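Okay, here's what each chain looks like letter by letter:
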Amino acid sequence: MTMRMAALAALLILGGALSSALAGCSPSGSSVTNAAQASDPRFAGLDNEILNWRKEIIATDPLCQGQTADQKCESFEVACKAQRTVTPADQAKGVTGKVVAMITWNGFDQKFKHPQSGTQVAEFTKTGSGWTRAPHKSVYMQSCGDM
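What you see is a predicted model, and the numbers here were worked out from it, not measured in a lab.

A separate point is the environment of V95. Here V95 is to be found in the loop between α3 (88-92) and β3 (97-109). Classification of V95 as buried rests on a relative accessible area of 9%. On a C-alpha basis, the gap between V95 and K126 in space is 5.7 Å, while along the polypeptide they are 31 residues apart.

For the rest of this paragraph, the subject is the packing of aromatic side chains. The tally for this structure, following the rule as stated, stands at two aromatic pairs. An angle of 70° between the planes, with centres 5.5 Å apart, marks the rings of W53 and F124 as edge-to-face. Placement of W53 in helix α2 (residues 46-60) and of F124 in strand β4 (residues 114-127) is noted, with a sequence separation of 71 residues between them. Each of the two residues, W53 as well as F124, counts as buried.

With 13 bridges connecting them, β3 and β4 associate as antiparallel partners. Counted as the bridge partner of N106 is S117 from β4. Hairpin connection of β3 to β4: four residues between the antiparallel strands, including K113 at a positive phi of 60°. Pairing geometry for β4 and strand β5 (residues 130-135), over six bridges, is antiparallel. Across the sheet, residue F124 finds its bridge partner in β5, namely R133. Taking the residues that link successive antiparallel strands as the turn, the β4-β5 hairpin has two residues.

Cut-offs used in this document
- Residues numbered from 1 in each chain as written.
- Predicted model: local features only at pLDDT ≥ 70, side-chain atom pairs only at ≥ 80, totals over all residues.
- Heavy atoms only, no water.
- Helix = DSSP H or I, 4+ residues; strand = E, 2+ residues; numbered from the N terminus.
- Buried < 20%, exposed > 50% of the residue type's maximum accessible area, 1.4 Å probe, protein only.
- Phe/Tyr/Trp six-rings, centres within 6.5 Å; stacked < 30°, edge-to-face > 60°.
- Pairing = 2+ DSSP bridges.

Read these as layout, nothing more, since geometry by itself doesn't imply function.
The structure is reproduced here in structure tokens:
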């Protein structure tokens, strides 16, 4: 029991040190303007697009292809979501909103036969005809700012 307590204390200390170290990391650039809130009319329909993205991940991601119940994808979470600046060039193309989001989940690696976490990042662009989604490079989970 004492070894378990010592191990737990070490993990808590390590976690605190890691959090402090990561606090110094910051997103590059200033493209993150604020968190995209579902209640904001500029983001109407975005939540449905994120749900569609989740369905696509379940259907296509290798971590979600297990055949038994304990190998299915679960615990989906939008880790971050942030508005991006719509430039005059974007506006000329009819873009009215941009949001970058990261989604995380737990799946099962068929090759190595163990649970594994997955992540994807996407940029959602809103025009008069609705939202579109495209892959996006890695972002900081705390802010969705570009790395």
